[in-house]
Amino acid sequence: LKTTSDDIATGRCEARSHDRSGEYSMPAGKTYFYITCPFCFDRSKVYAWSMAGRGKRCPCGAMHDGLGRTHRKVERK
Ligand SMILES: [Zn+2]
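In short, a report on the structure. These numbers were taken from a predicted model, which means no experiment stands behind them. (Residues numbered from 1 in each chain as written. Predicted model: local features only at pLDDT ≥ 70, side-chain atom pairs only at ≥ 80, totals over all residues. Heavy atoms only, no water.)

So, the overall build of the protein
Assigned secondary structure in the protein consists of two helices and seven strands. Listed by position from the N terminus, the elements making up the protein come as α-β-β-β-β-α-β-β-β. In terms of overall dimensions, the protein is globule-like: its C-alpha atoms have a radius of gyration of 13 Å, near the 11 Å expected for 77 residues. Each principal axis of the C-alpha atoms in the protein carries an extent, and together these give about 45 × 20 × 15 Å. Burial analysis of the protein (77 residues in total) assigns 34% to the buried set. Sequence-distant contacts in the protein: of pairs separated by 6 or more residues, those separated by 24 or more amount to 36%. For the protein, the computed accessible surface area is about 5100 Å², with 49% contributed by carbon and sulfur atoms. When the 15 positive and 8 negative side-chain charges of the protein are each reduced to one mean point, those points stand 4 Å apart. (Helix = DSSP H or I, 4+ residues; strand = E, 2+ residues; numbered from the N terminus. Rg over C-alpha atoms; globule rule 2.2 N^0.38 Å. Buried < 20%, exposed > 50% of the residue type's maximum accessible area, 1.4 Å probe, protein only. Contact = heavy atoms within 4.5 Å. Areas by Shrake-Rupley, 256 points an atom, 1.4 Å probe, with all protein chains shown as cover. Lys, Arg positive; Asp, Glu negative; His and termini not counted. Charge placed at Lys NZ, Arg CZ, Asp CG, Glu CD.)

Considerations on the environment of His18
Residue placement: His18 occurs in the loop between strand E1 (13-17) and strand E2 (19-24). Residue classification places His18 among the buried residues on the basis of a relative accessible area of 9%. Through-space distance from the C-alpha of His18 to that of Cys37 is 6.1 Å; in sequence the pair is 19 residues apart. Apart from residues lying up to four places away in sequence, His18 is in contact with Ile35, Thr36, Pro38, His64, Asp65, Gly68, Arg69 and Thr70. Here the side chain of His18 touches Thr70 through a polar contact of 2.7 Å, side chain to side chain. (Polar contact = N/O pair within 3.5 Å; in protein donor to acceptor, adjacent residues only side chain to side chain.)

Written out as structure tokens, the structure is:
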């Protein structure tokens, strides 16, 4: 189930705060860190610049945003 920015904007998602760990500053603005998905507990390596845009999709379909939260679309019955 893929969460899109549209789903987030229209509130069709559940949001949970995520844990960020290990911020590594690299040359040329390639700072990265790890986010642990609060839904599937997969740890993703995320570049800071990519978070400034649309966020980062987790393999489970949730979206990590740059504000410390992860959104996952809620399936409607
Ligand atoms: Zn996930």
